[in-house]
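Coordinate analysis (summary)
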Amino acid sequence: MLLCGGLTLVLSPFAWVISGRALREIDASPDRYSGREKASAARIMGIIGTALLVLGVIALVAILALVVAVAPTGSDNGPTPVHVRVHHRGVSS
């Protein structure tokens with residue numbers, strides 16, 4: 001799962017930046033460089049991946065905050081245990 005979503009989403013901002021630079025270079029010298037459509041598609045995918053990364057981080061922070069809010073405190077260890085006394089009667093012979 002890390003390779004499918006986590007690692008690729010972490011790299012999305014880099015794709016956004018690098019493709020933006022490539023688009024600027026293509027626009028500055030259109031006779032020298034080609035592939036504007038591919039660079040534009042890479043930029044769009046970088047933007048989408050970055051947005052998903054931000055949403056994932058927000059969801060992770062919300063889940064951690066929920067776990068901390070619901071977790072019992074140190075002084076509350078659950079219900080008080082009931083002590084049962086067992087009387088043993090010795091058998092005499």
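As shown above, the structure is provided for reference.
A brief look at the structure comes next. (Residues numbered from 1 in each chain as written. Predicted model: local features only at pLDDT ≥ 70, side-chain atom pairs only at ≥ 80, totals over all residues. Heavy atoms only, no water.)

Looking now at helix 2 (residues 36-70). With 35 residues, helix 2 extends 51 Å between its outermost C-alpha atoms, agreeing within 8% with the 51 Å of an ideal straight helix rising 1.5 Å per residue. The complete set of buried residues in helix 2 reads Ala39, Gly46, Gly49 and Thr50. (Helix = DSSP H or I, 4+ residues; strand = E, 2+ residues; numbered from the N terminus. Expected span 1.5 Å × (residues − 1). Buried < 20%, exposed > 50% of the residue type's maximum accessible area, 1.4 Å probe, protein only.)

Moving on, we get to the pattern of salt bridges. According to the stated counting rule, one finds one salt bridge in the structure shown. Across the salt bridge formed by Asp27 and Arg36, the nearest N and O atoms sit 2.8 Å from each other. Given the relative accessible area of 43%, Asp27 is considered partly exposed. Taking relative accessible area as the criterion, Arg36 reaches 38% and is therefore assigned partly exposed. (Salt bridge = Lys/Arg side-chain N within 4 Å of Asp/Glu carboxyl O.)

Among the structural elements, Val54 can be located in helix 2. Classification of Val54 as partly exposed rests on a relative accessible area of 45%. For the pair Val54 and Leu9, spaced 45 residues apart in the sequence, the C-alpha separation amounts to 9.2 Å.

Looking at the element boundaries, Pro13 is found in helix 1 (residues 2-28). According to the relative accessible area criterion, Pro13 is partly exposed, its value standing at 26%. Once the C-alpha coordinates of Pro13 and Ile47 are considered, the two residues, 34 residues apart in sequence, prove to be 7.1 Å apart. With near-sequence residues (within four places) excluded, Pro13 lies in contact with Thr50 and Leu53. (Contact = heavy atoms within 4.5 Å.)

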